[in-house]
Amino acid sequence: MKLLLTSAGIKNMSIANALVALLGKPVAEASALVIPTAAYPAGGPAAAWRIVSGRAMSPLCEIGWKSLGLLELTALPSIDAAQWIPIVRETDALLVGGGDPLYLAHWLQQSGVAGVLPSLQDTVWVGVSAGSLVAGPHLGQDLSDWRSPTGSVEALGLVDFGIFPHLDNPNMPEFGLADAERWAAALDVPGYAIDDQTAITVIDGEVAVISEGHWKLFD
């Protein structure tokens, strides 16, 4: 699996070009499935609707995909896996929207999607905020208002670093540099604090930062 981990979606041309490079073809020739699940505890049904309708502040669904489907994680346990796993394996990109990262991590596991991910060699994971955070090894409770029934803060472990999103966003005062430094002090892995004009790509374990803004590595 190839990863494009963003703070706020496809915000600029540098990130857009990185997405095309990961896909290996133009967005207009690529299929995608959007996962809005993280939005429900953070912003409710309206927030999920904004993601899938292309009306969120983080460009994701509205950038001209050839085809676009909805993959709602909470519905999958009640559906025969044969109805959705082949579609996931055939799609070019998984668009994982923002919201509550612990809720998202929980349902990625409960739905069975997490178990399918290792087989997706050519699929591009496009994360936004929480959708990027869950790629790390674990999550801090301080970035989530939702609590797992088991108390778990484990994430997917697709990468061996953490992400602190929305760095210095004036509308999100809880994501300042001092907050990032406190977050990083509690990590046992490297951490990237990235602003909304920055993304991280990961291909075969090789990490690159794509930015028209600013970011900081805590190593």
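These lines cover the structure that appears in this document, whether it is placed above or below. A quick note: this is a predicted structure, and the numbers were derived from the prediction, not measured. (Residues numbered from 1 in each chain as written. Predicted model: local features only at pLDDT ≥ 70, side-chain atom pairs only at ≥ 80, totals over all residues. Heavy atoms only, no water.)

### Looking at the pattern of salt bridges
Two side chains with opposite charge may pair up if their charged atoms get near one another. Inspection of every chain in the model, using the stated rule, returns 2 salt bridges. With a closest N to O distance of 2.6 Å, arginine 182 and aspartate 179 form a salt bridge. Of this pair, arginine 182 and aspartate 179 both sit in helix α7 (residues 177-185), 3 residues apart, roughly one helical turn. (Salt bridge = Lys/Arg side-chain N within 4 Å of Asp/Glu carboxyl O. Helix = DSSP H or I, 4+ residues; strand = E, 2+ residues; numbered from the N terminus.)

### Considering the sheet that holds strand β9 (residues 206-211)
The mixed open sheet is built from 7 strands, whose spatial order is β3-β2-β4-β5-β1-β8-β9. Looking at strand neighbours, the two that pair on one side only are β3 (67-70) and β9, the edges of this open sheet. The average undirected angle you get between the axes of adjacent strands in this sheet is 20°. With respect to the sheet, helix α1 (residues 13-23) is in contact with β1 (2-6), β4 (93-96), β5 (124-128), β8 (198-203) and β9, its orientation differing from that of β1 by roughly 165°. (Pairing = 2+ DSSP bridges. Axes fitted to C-alpha atoms, helices over the stretch in contact; angles between N-to-C directions. Contact = heavy atoms within 4.5 Å.)

### Digging into the sheet that holds strand β10 (residues 215-218)
Read across the sheet, 3 strands follow the order β6-β7-β10 without closing on themselves; strand pairing throughout is mixed. Each edge of the open sheet is held by one strand with a lone partner, namely β6 (162-164) and β10. Taken over all neighbouring pairs, the strand axes of this sheet differ in orientation by 20° on average, direction set aside. In this sheet, β10 lies alongside strand β7 (residues 191-194) in antiparallel orientation, the contact comprising 4 bridges. For glycine 191, the partnering residue across the bridge sits in β10 and is phenylalanine 218.

### A closer look at empty space enclosed by the protein
With the rule as written, the count across this model stands at 1 cavity of 30 Å³ or more. Here the largest cavity is characterised by a volume of approximately 40 Å³. If you trace the largest cavity, you find it lined by Arg50, Ile51, Gly54, Arg55, Ala56, Ser58, Leu60, Cys61, Glu62 and Val128. (1 Å grid on protein atoms, 1.4 Å probe; cavity = no way out; pocket = protein on both sides within 12 Å on 5 of 7 lines; lining within 4 Å. Points joined across faces, edges and corners; volume = space filled by probe spheres on them.)

### Observations regarding helix α4 (residues 101-111)
Counting along an α-helix, one turn takes 3.6 residues, and residues three or four places apart therefore face a common direction. Summarising burial for α4: 9 of the 11 residues are buried, a large majority. In this structure, the buried side of α4 is in contact with β2 (31-35), α2 (39-53), β4, α5 (113-116), β5 and α6 (130-133). At the N-terminal end of α4, a side-chain oxygen is found 3.1 Å from the backbone nitrogen of leucine 102, two or three residues along, and the residue is aspartate 100. Backbone geometry just after α4 places glycine 112 at a positive phi near 95°. (Buried < 20%, exposed > 50% of the residue type's maximum accessible area, 1.4 Å probe, protein only. Polar contact = N/O pair within 3.5 Å; in protein donor to acceptor, adjacent residues only side chain to side chain.)

### A few points about the layout of surface pockets
Approximately 1000 Å³ is the volume found for the largest pocket. Gly98, Gly99, Ser129, His166 and Met172 are the residues nearest the centre of the largest pocket, which is lined by 37 residues in total. Only α2, α6 and α7 provide two or more residues apiece to the lining of the largest pocket. The leading source of residues in the lining of the largest pocket is α2, at 7 residues. Here the residues of the lining of the largest pocket sort into 18 nonpolar, 10 polar and 9 charged. (Nonpolar A, V, L, I, M, F, W, Y, C, P; charged D, E, K, R; others polar.)

### Topic: α1
Regarding α1, the residues found buried are Ile15, Ala16, Ala18, Leu19, Leu22 and Leu23. When α1 is viewed along its axis, its buried side chains cluster within an angular range of 160° and face the same direction. Seen from the open side of α1, the exposed residues pointing more than 90 degrees away from its buried face are Met13 and Ala21. On its buried face, α1 sits against β1, β4, β5, β8 and β9. Backbone nitrogen of serine 14 and a side-chain oxygen of the N-cap are separated by 3.2 Å at the start of α1; the cap is asparagine 12. Directly beyond the C-terminal end of α1, a positive phi value near 80° is found at glycine 24. (Arc of directions from axis to C-beta.)

### Some remarks on the nonpolar core
In this structure, Leu5, Leu94, Leu104 and Trp125 are the most contacted members of the largest nonpolar core, which totals 41 residues. With 6 residues, the single largest contributor to this core is α4. Every residue in contact with leucine 5, bar those within four places of it in the chain, is listed here: Trp125, Gly127, Ser132, Ala135, Val159, Phe161, Ile163, Ile194, Ala199 and Ile200. (Core = buried A, V, L, I, M, F, W, Y, C linked by side-chain atoms within 4.5 Å.)

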